[in-house]
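Close look at the chain arrangement
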Amino acid sequence: MKNRLVLWGTNEKDEKVLIAMQLVPKEKMVDCWLFPAEISTEEFVTQLHQEWRNGAEIAFPEGSIQSRKELSISEPLLPAGIAAERDDLVKRAQTEWQFVVLSEKLHQVYASEIEDIADKIASLKKFDAQLWEDLRQFWDRVQNQVREKNMFRDHVDSLKEKTNELFGKLKDLRKNLEKEFNEKSGQTMETVLTELKDIEAKIEKGLSLQPLFAELKNMQQKFREMEFTRDHRSKIWDRLDAAFKAIKEKRFGKDNESPESKQGAADRIQRRYVGLMDALDKMQKSIDRDQEEFSFQSHKVESSDGQLESQLRQAKINMIEERISSKRVKLDEMHATREQLEKKLENLKEKENEKLVVQKREEAKKQAEIKIKEEIKIAAEARKEAESKLEKAASAITGVAPALAIADQMETPVAEAEEAPATKVETAPSVDSEDAPEVVAEEATVEEAAESAAPKEESLFEAITDSLSESLQDLTDTVKAAAGLVAEKIEKKVDQILEKKDEEE
């Protein structure tokens, strides 16, 4: 977009003239030169097109007519009576030069602002963070105008050069401040480490730990309020953390944790969650304030006085939109963190509930085992009674032996009785045939008596054996049934105890 225009036209006498126009943006004026055809040589026309139109200065021939006119969007750009062969070029230049004038004014506004900042920086004796932030925000606004293509490159380059110069001065001041801060931070760190060294020595000696713990807590609180470099803060924090761990180790042992540390994870997450919710509320309020400012500036744009003010307000709107967009991204990240913390808290709660259920079941098992031991004791006593009965039954078996001996003694007379009639038959004198049947009858009677005696002996032994077998079988069945009942009762007792506890809760 050029500020100079060269074209042919005619004057009020319909004579051909060469027209040269130049915009003066700072004054919002347009200079116009008319060159009659007789002085417009080919060489001069070429110079106008190739050199003057691109910004170079050349000597105008005598006989040219110069005029000046204020740039207006509604008034004709050419002097009265002058008509251009390409009127479309004139109208296009008139429109574009309006934008150039506004852009120049915007540049003047920024140039004035950067000069004010430069004056403040020139009077500084030490680094000022607020001025650094003001300068950074100023350049952000310039960048916004560049993105919107509201400023020309030469304007931006001049502002950039000035801004870089001011940033350089602030950086020099900041280096001096950082040097002083590092020295001060180092001295403070040495003081804190000396105090920590004394406390560590007392911990090593095993002195009273509670006062030392309170002293460490106070030191930790003061440490958070002190200003340190990142490295110095990290060193002190590591020493503080080691001292706290040493005290806990002295109090609870290496493998034991304090009651607070056992619940530390849930407590830390809960505290973090509460802090995050507070930060979410503040961030949302900040976005709401920016939204109100956005609405206000949008309303003001409609009632702005002139395009420049409208553009400036639009720049503010763009800046607010960028802030809101950035904050919304941060808000989304915070909401994602909130969801993660909620899931962690829920998981911890579930694990705690599962742990309580396991503890209740273990307690119920212990109580069930106690009751079952009592029942086993009772069963053992019952078993002893059964064993006593078995001993008595064994004694009864032992008593069978004398009975069998008696039976043996009874067998001898019987045999003799069987033999006696035969002897008697052989030695006795012959008798009449009528006596023979009586002898035979006697022998049969004795044999029947012997046969009847043997089955009686066998029946007694079998009866005792059967009785003993039945007693043993009853005892075995009793022991098996008791073993099955013990396992069954354990489960039933555990379930009953758990149900009772649940009802009490």
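As a starting point, this report considers the structure included with it. (Residues numbered from 1 in each chain as written. Predicted model: local features only at pLDDT ≥ 70, side-chain atom pairs only at ≥ 80, totals over all residues. Heavy atoms only, no water.)

1. Here's the deal with the overall build of the chain
- Secondary structure summary: the chain contains eleven helices and five strands in total.
- When the 505 residues of the chain are sorted by exposure, 27% land in the buried category.
- Counting only carbon and sulfur atoms, one obtains 50% of the accessible surface of the chain, whose full area is about 34800 Å². (Helix = DSSP H or I, 4+ residues; strand = E, 2+ residues; numbered from the N terminus. Buried < 20%, exposed > 50% of the residue type's maximum accessible area, 1.4 Å probe, protein only. Areas by Shrake-Rupley, 256 points an atom, 1.4 Å probe, with all protein chains shown as cover.)

2. Re the nonpolar core
- In terms of nonpolar packing, the biggest core is built from 22 residues, with Tyr110, Leu135, Phe138, Leu159, Leu166 and Leu170 touching the most fellow members.
- Per-element accounting of this core gives the leading share, seven residues, to helix α2 (residues 87-122).
- Residues contacting Leu166, with those up to four places away along its chain left out, are Ile114, Ile117, Ala118, Ile121 and Leu135.
- Counting 19 residues, the second-largest nonpolar core is a separate cluster that includes Cys32, Leu78, Ala84 and Trp97. (Core = buried A, V, L, I, M, F, W, Y, C linked by side-chain atoms within 4.5 Å. Contact = heavy atoms within 4.5 Å.)

3. Let's talk about the pattern of salt bridges
- Under the definition given, this model contains 18 salt bridges.
- For the salt bridge of Glu57 with Arg4, the shortest nitrogen-to-oxygen distance reads 2.6 Å. Highlighted residues: Glu57 in the loop between α1 (42-50) and β4 (65-70) and Arg4 in strand β1 (residues 4-10), separated in sequence by 53 residues.
- Several salt bridges converge on common partners, so that one network encompasses Glu27, Asp31 and Arg68. (Salt bridge = Lys/Arg side-chain N within 4 Å of Asp/Glu carboxyl O.)

4. Brief notes about the environment of Asn164
- Tracing the chain through its elements places Asn164 in helix α4 (residues 153-205).
- When its relative accessible area of 47% is taken as the criterion, Asn164 is described as partly exposed.

5. Topic: the packing of aromatic side chains
- All told, the structure shown has 13 aromatic pairs when counted by the stated rule.
- With centroids separated by 6.2 Å and ring planes inclined at 85°, the aromatic side chains of Phe44 and Phe60 adopt a geometry described as edge-to-face. Remark: Phe60 occurs in the loop between α1 and β4 and Phe44 occurs in helix α1; sequence separation between them is 16 residues.
- Members of the aromatic cluster, joined through ring pairs, are Trp33, Phe35, Phe44, Trp52 and Phe60.
- Here the basic side chain of Arg174 rests over the ring of Trp132, its NZ or CZ set 4.4 Å away from the ring centre. (Phe/Tyr/Trp six-rings, centres within 6.5 Å; stacked < 30°, edge-to-face > 60°. Lys NZ or Arg CZ within 6 Å of the ring centre and 35° of its normal.)

6. Quick word on α4
- With 53 residues, α4 extends 73 Å from end C-alpha to end C-alpha; this agrees with the ideal 78 Å at 1.5 Å per step.
- At the exit of α4 stands Gly206, carrying a positive phi of roughly 80°. (Expected span 1.5 Å × (residues − 1).)

7. Regarding the packing of α2 against α4
- Viewed as axis vectors pointing N to C, α2 and α4 meet at an angle of 10°, and their least axial separation amounts to 10 Å. Taken together, the axis directions place α2 and α4 in an arrangement best described as roughly parallel. When the axes of α2 and α4 are compared, the crossing they make is left-handed. Counted together, Ser103, Glu104, His107, Tyr110, Ala111, Ile114, Glu115, Ile117, Ala118 and Ile121 of α2 and His155, Ser158, Leu159, Lys162, Thr163, Leu166, Lys169 and Leu170 of α4 form the full contact between these two elements. (Axes fitted to C-alpha atoms, helices over the stretch in contact; angles between N-to-C directions. Parallel < 35°, antiparallel > 145°, perpendicular 65-115°, else oblique. Left-handed = near helix turned anticlockwise from the far one by under 90°.)

8. Examining the sheet that holds strand β3 (residues 29-36)
- Strand order in the open sheet formed by five strands is β4-β3-β2-β1-β5, and the pairing between neighbours is antiparallel. Only two strands of the sheet have a single partner each, and these edge strands are β4 and β5 (83-84).
- The pairing of β1 with β5 spans two bridges and is antiparallel. Considered in β5, the bridge of Gly9 is made with Ala84.
- Against the sheet, α2 touches β1, β2 (16-24), β3 and β5, its axis set at about 150° to β1. (Pairing = 2+ DSSP bridges.)

9. Thoughts on the pairing of β3
- Within β3, seven of the eight residues are buried, leaving the element largely enclosed by the surrounding structure.
- Sheet topology note: the β2/β3 ladder contains eight bridges and is antiparallel. Residue pairing in the sheet places Leu23 in a bridge with Val30 of β3.
- Taken together, β2 and the strand that follows it, β3, pair antiparallel across an intervening segment of four residues, in which Lys28 is found at a positive phi of about 60°.
- The sheet contact formed by β3 and β4 spans six bridges and is antiparallel.

10. As for a positive patch on the surface
- The grouping of Lys217, Arg224, Lys248, Arg268 and Arg271 at the surface amounts to a positive patch.
- For the positive patch, the secondary structure elements donating two or more residues are α5 (209-225) and α8 (264-302).
- Note that Arg271 resides in helix α8. (Patch = residues over 30% accessible without salt bridge, like charges linked within 9 Å, V, L, I, M, F, W, Y side chains within 5 Å. Lys, Arg positive; Asp, Glu negative; His and termini not counted. Charge placed at Lys NZ, Arg CZ, Asp CG, Glu CD.)

11. A closer look at the packing of α4 against α5
- Contact geometry for α4 and α5: axes closest at 11 Å, N-to-C directions at 165°. One element, α4, and the other, α5, form an angle in the roughly antiparallel class. Taken as a pair, α4 and α5 cross one another with a handedness that is left-handed. For the pair α4 and α5, the contacting residues are Val192, Glu195, Leu196, Ile199, Lys202 and Ile203 in the first and Leu212, Glu215, Leu216 and Met219 in the second.
- For the contact of α4 with α5, the residue count by class is seven nonpolar, no polar and three charged. (Nonpolar A, V, L, I, M, F, W, Y, C, P; charged D, E, K, R; others polar.)

12. Remarks on a negative patch on the surface
- Residues Glu12, Asp14, Glu15 and Glu38 make up a contiguous surface patch of negative charge.
- Here Asp14 is to be found in the loop between β1 and β2.

13. Focus on α1
- Every buried residue of α1 is listed here: Phe44, Val45 and Leu48. Seen along its axis, α1 keeps its buried residues to an arc of 100°; they face one direction. Among the exposed residues of α1, those pointing more than 90 degrees away from its buried face are Glu42, Glu43 and Gln50.
- Next to the buried residues of α1 lie β1, β2 and β3. (Arc of directions from axis to C-beta.)

14. Section: unusual backbone geometry
- Of note, the phi angle at Asp14 is positive, near 65°, even though the residue is not glycine.
- Judged by its relative accessible area of 61%, Asp14 falls in the exposed class.
- Even without being a glycine, Lys28 presents a positive backbone phi close to 60°.
- One can find Lys28 in the loop between β2 and β3.
- Classification of Lys28 by relative accessible area gives partly exposed; the value is 26%.

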